[in-house]
Amino acid sequence: METRKIKTPLTEEIIRSLHAGDMVLLSGEIYTARDVAHRRLYESLLKGEKLPIDLTQAVIFYAAPTPRPPKKVIGSIGPTTSYRMDSFTPKLIEAGLRAMIGKGNRSPEVVEAIKTNNAVYFGAIGGIAALMSQCVKKVEMVAYEDLGPEAIRKLTVKDFPLLVVNDFQGNDLYLSTQNNWRI
Amino acid sequence: MGTEIETKTKIRRINAKKITRAVKKLFIEANTVLGEDVFEAFHLASSREESATGKEVLKKIIENVDIARRKKMPICQDTGLAVVFVEMGQDVHITGGELHEAIEEGVRQAYADGYLRKSVCDPFTRANTTNNLPAIIHMDVVSGNQVKIIAMPKGGGSENCSAAKMLTPAAGIEGVKKFVLETVENAGANPCPPIIVGVGIGGSLEQACVMAKKALLRPVGEANRVDERAEQIEKELLASINNLGIGPAGLGGRVTALAVNIEMMPCHIASLPVAVNIQCHVARHKETTL
Ligand code: SF4
């Protein structure tokens, strides 16, 4: 299977070249954020407050790593289930977010926001967190440190293995492939 | 008064610290070293998988288990709720502490010293308890003077896809199969397939759930040896689940589940409880007997 290498920032040109089913190796900077961090970002947006991260062309990885052992860059890290972020996501996409990394399918509202804003949803394989941690080269604490594992961190990753699940045209990889293999 | 009570085995004293040490070791080990039975099941699945993406996913899953073992890292970042099964011999006397506290101290130490993620929080404020406590402890008193401890770190992704239902007795075997299949289908890619499906049939609402969880402790590939009907349903369900096409990581393919494990017991004349506990491919559990 062909794998494409892409780099952040994910420009409109890159995003419009991605199609559901593409395997990519992503390099560059991505943020981690999951349940509580999403609620906080969302509430800040509603109140018109300044966000602790710049969402313009940003990539968010739904993940919370294990604690960093001595002499390691990061502990194990992998995707959490994305649907829990669905109710906050369209608002974040409107504010500039361009790519999300997680596992499992998204709500119709998220798929629609991906389409109208030229964004992309990448699926990562769940439960291969020791392997994925090897792609993380740098970690920086950025916001909500009180949330511990759920805090927002900026990761510098190299060749992060991902699949395009929902592309800007509204295609859905889970739906199409699962139906292909259904008996 | 004062007379020695007759017991089958000799009363044995076990120090609470010994329990704490054992629990700590089990949780660190369970989180970093996957069971051989599950590992073998991945290889078998890989040879059976026809989808190229599915094969690629299984390859990465196998590689991940290797890396985790070699580097002593958690296999998955979700190091789970600490579920503990204890079979306590009735002729054991715990000294130097209280059993429940000793177990929780073991969990606390494992998650702190083993660099495991603390994933427990208040249900409403979502404030992290910061030590992965409370643990979920299931205690059975059995005969003898030994203590068996099973540590099972259970991830949230697959637990969230689990379900229980009180069926009508008329629903029968077909109703049970339908409910299990629906639960797995609704779960889709979320519980990190290939999954193991634990099913509890009968008992009461909570007993069905406990049976479903205990069913996940059975070695992968081993059938229910107590009830032929259960064995038959396991086979049929495994085939229908794999026909759903969800596949490894939900990306389509032949292998959605590695096993279906059913535990059964009689129930009330008015009910037919069924519980489905879904286990992701990071099927972690380790046990020891003291
Ligand atoms: S469901 Fe299992 S493999 Fe997937 S993220 Fe949770 S613990 Fe890890």
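Definitions and limits used
Residues numbered from 1 in each chain as written. Chains lettered and ligands numbered in written order. Predicted model: local features only at pLDDT ≥ 70, side-chain atom pairs only at ≥ 80, totals over all residues. Heavy atoms only, no water. Helix = DSSP H or I, 4+ residues; strand = E, 2+ residues; numbered from the N terminus. Rg over C-alpha atoms; globule rule 2.2 N^0.38 Å. Buried < 20%, exposed > 50% of the residue type's maximum accessible area, 1.4 Å probe, protein only. Contact = heavy atoms within 4.5 Å. Lys, Arg positive; Asp, Glu negative; His and termini not counted. Charge placed at Lys NZ, Arg CZ, Asp CG, Glu CD. Near = heavy atom within 4 Å. Nonpolar A, V, L, I, M, F, W, Y, C, P; charged D, E, K, R; others polar. Pairing = 2+ DSSP bridges. Axes fitted to C-alpha atoms, helices over the stretch in contact; angles between N-to-C directions. Buried area = accessible area lost by both parts, 1.4 Å probe. Salt bridge = Lys/Arg side-chain N within 4 Å of Asp/Glu carboxyl O. Polar contact = N/O pair within 3.5 Å; in protein donor to acceptor, adjacent residues only side chain to side chain. Domains from an automatic or database assignment. Parallel < 35°, antiparallel > 145°, perpendicular 65-115°, else oblique. Left-handed = near helix turned anticlockwise from the far one by under 90°. Phe/Tyr/Trp six-rings, centres within 6.5 Å; stacked < 30°, edge-to-face > 60°. Lys NZ or Arg CZ within 6 Å of the ring centre and 35° of its normal. Expected span 1.5 Å × (residues − 1). Arc of directions from axis to C-beta.

**Re the overall build of chain B**
Part 1 of the reasoning: Within chain B, the secondary structure is distributed over eight helices and ten strands.
Part 2 of the reasoning: In summary, chain B has a C-alpha radius of gyration of 20 Å against a globular reference of 19 Å for 290 residues, a match within 12%.
Part 3 of the reasoning: In terms of principal-axis extent, the alpha carbons of chain B reach across some 65 × 50 × 40 Å.
Part 4 of the reasoning: Across the 290 residues of chain B, 54% fall into the buried class.
Part 5 of the reasoning: Taking as baseline every contact in chain B between residues at least 6 positions apart, the subset at least 24 positions apart corresponds to 81%.
Part 6 of the reasoning: Looking at charge distribution, chain B has the averaged site of its 35 positive side-chain charges lying 5 Å from that of its 34 negative ones.

**Some remarks on the site of the ligand**
Part 1 of the reasoning: Close contacts around the ligand come from 13 residues, with A:Gly127, B:Cys76, B:Cys192, B:Cys280 and B:Arg284 the closest.
Part 2 of the reasoning: Around the ligand, the nearby residues trace back to chains A and B.
Part 3 of the reasoning: For the shell around the ligand, a count of residues per class yields five nonpolar, five polar and three charged.

**Here's the deal with the sheet that holds strand S5 (residues 147–154) of chain B**
All names here are of chain B.
Part 1 of the reasoning: Ordered by their spatial adjacency, four strands build an open sheet running S4-S2-S5-S10, and the pairing between neighbours is mixed. Whereas interior strands pair on both sides, the edge strands pair on one side only; in this sheet they are strand S4 (136–142) and strand S10 (286–289). Averaged over all neighbouring strand pairs, the angle between strand axes comes to 10 degrees, with direction disregarded.
Part 2 of the reasoning: One ladder, built from seven bridges, connects strand S2 (residues 81–89) with S4; its direction is parallel. The partner of Val83 across the bridge, within S4, is Ile136.

**Here's the deal with the interface of chain B and chain A**
By convention, interface size is frequently given as the accessible area that disappears when the constituent parts associate.
Part 1 of the reasoning: Facing 43 residues of chain B, the contacting portion of chain A comprises 43 residues.
Part 2 of the reasoning: With both chains or domains summed, chain B and chain A bury close to 3400 Å², and 62% of this area falls on carbon and sulfur atoms.
Part 3 of the reasoning: Run the count over chain B and chain A and you get one salt bridge.
Part 4 of the reasoning: When the shortest N-O distance is used, the salt bridge between A:Arg182 and B:Glu185 registers 2.8 Å.
Part 5 of the reasoning: At the boundary of chain B with chain A, the tally comes to 17 residue pairs in polar contact (both at pLDDT 80 or more).

**Section: the domain arrangement of chain B**
Residue and element names in this part refer to chain B.
Part 1 of the reasoning: Here chain B is partitioned into domain 1 (2–32 + 75–154) and domain 2 (156–283).
Part 2 of the reasoning: Tallying the contact residues gives ten residues for domain 1 and 13 residues for domain 2.
Part 3 of the reasoning: Summing both partners gives a buried area of about 910 Å² for domain 1 against domain 2, and 69% of it is carried by carbon and sulfur.
Part 4 of the reasoning: Counting the surface domain 1 buries against domain 2, the share from its top three residues, Phe85, Met152 and Lys154, is 58%.
Part 5 of the reasoning: Between the two partners, domain 1 and domain 2, sit two salt bridges.
Part 6 of the reasoning: Across the pair Lys214 and Asp140 runs a salt bridge, and its minimum N-O distance is 2.9 Å.
Part 7 of the reasoning: Between domain 1 and domain 2 we count five residue pairs in polar contact (both at pLDDT 80 or more) in total.
Part 8 of the reasoning: Counting only elements with at least two residues in the side of domain 1 that touches domain 2, the list comes to S2, S4 and S5.
Part 9 of the reasoning: Taken together, the residues that form the side of domain 1 that touches domain 2 break down as six nonpolar, one polar and three charged.

**Observations regarding the packing of helix H2 (residues 36–48) of chain B against helix H3 (residues 52–71) of chain B**
Two packed helices can be described by the angle between their axes and the distance between those axes.
All names here are of chain B.
Part 1 of the reasoning: The geometry of H2 relative to H3 is characterised by a closest axis approach of 9 Å and an angle of 155 degrees between their N-to-C directions. It follows from the interaxial angle that H2 and H3 lie roughly antiparallel. As H2 runs across H3, the sense of the crossing is left-handed. Together, Glu36, Phe39, Phe42, His43, Ala45, Ser46 and Ser47 of H2 and Lys55, Leu58, Ile61, Ile62, Val65, Asp66 and Arg69 of H3 make up the contact between the two elements.
Part 2 of the reasoning: Its residues placed into classes, the contact of H2 with H3 shows seven nonpolar, three polar and four charged.

**So, the packing of aromatic side chains**
Part 1 of the reasoning: In total, this model carries three aromatic pairs over all chains according to the counting rule given.
Part 2 of the reasoning: With a centroid separation of 5.3 Å and an interplanar angle of 85 degrees, the aromatic rings of A:Phe61 and A:Phe160 are classed as edge-to-face. Of this pair, A:Phe61 sits in strand S3 (residues 59–61) while A:Phe160 sits in strand S7 (residues 152–166), and the two are 99 residues apart along the sequence. Accessibility classification places A:Phe61 together with A:Phe160 in one group, the buried group.
Part 3 of the reasoning: On the basis of an interplanar angle of 55 degrees and a centroid distance of 6.0 Å, the ring pair of B:Phe27 and B:Tyr111 is categorised as tilted. With a gap of 84 residues between them, B:Phe27 in helix H1 (residues 16–32) and B:Tyr111 in helix H4 (residues 99–113) connect regions that are remote in the sequence. Here B:Phe27 and B:Tyr111 have matching classes, each one buried.
Part 4 of the reasoning: Across from the ring centre of A:Tyr144, 5.1 Å away, lies the NZ or CZ of A:Arg40, which sits over that ring.
Part 5 of the reasoning: Of note, A:Arg106 hangs over the ring of A:Tyr121, and the distance from its end group to the ring centre comes to 4.8 Å.

**Overview of H2(B)**
Three- or four-residue spacings in an α-helix give side chains the same orientation, since the helix completes a turn every 3.6 residues.
All names here are of chain B.
Part 1 of the reasoning: An ideal rise of 1.5 Å per residue puts 18 Å on 13 residues; H2 measures up with 18 Å between its terminal C-alpha atoms.
Part 2 of the reasoning: Residues Val38, Phe39, Ala41, Phe42, Ala45 and Ser46 constitute the buried set of H2. In an axial view of H2, the angular spread of the buried residues amounts to 155 degrees, which keeps them on one side of the axis. Along H2, the residues that are exposed and aim more than 90 degrees away from the buried face are Glu40, Leu44 and Ser47.
Part 3 of the reasoning: Elements that come into contact with the buried residues of H2 comprise H3 and strand S8 (257–267).

**Quick look at the sheet that holds strand S7 (residues 195–203) of chain B**
All names here are of chain B.
Part 1 of the reasoning: Pairing is mixed in the open sheet, where four strands are placed in the order S6-S9-S7-S8. On the outer flanks of this sheet lie strand S6 (163–167) and S8, each paired with one strand and no other. Averaged over all adjacent pairs, the angle separating strand axes in this sheet is 15 degrees, with direction ignored.
Part 2 of the reasoning: In this sheet, S8 lies alongside S7 in parallel orientation, the contact comprising eight bridges. By the bridge assignment for S8, Gly200 is matched with Glu263.

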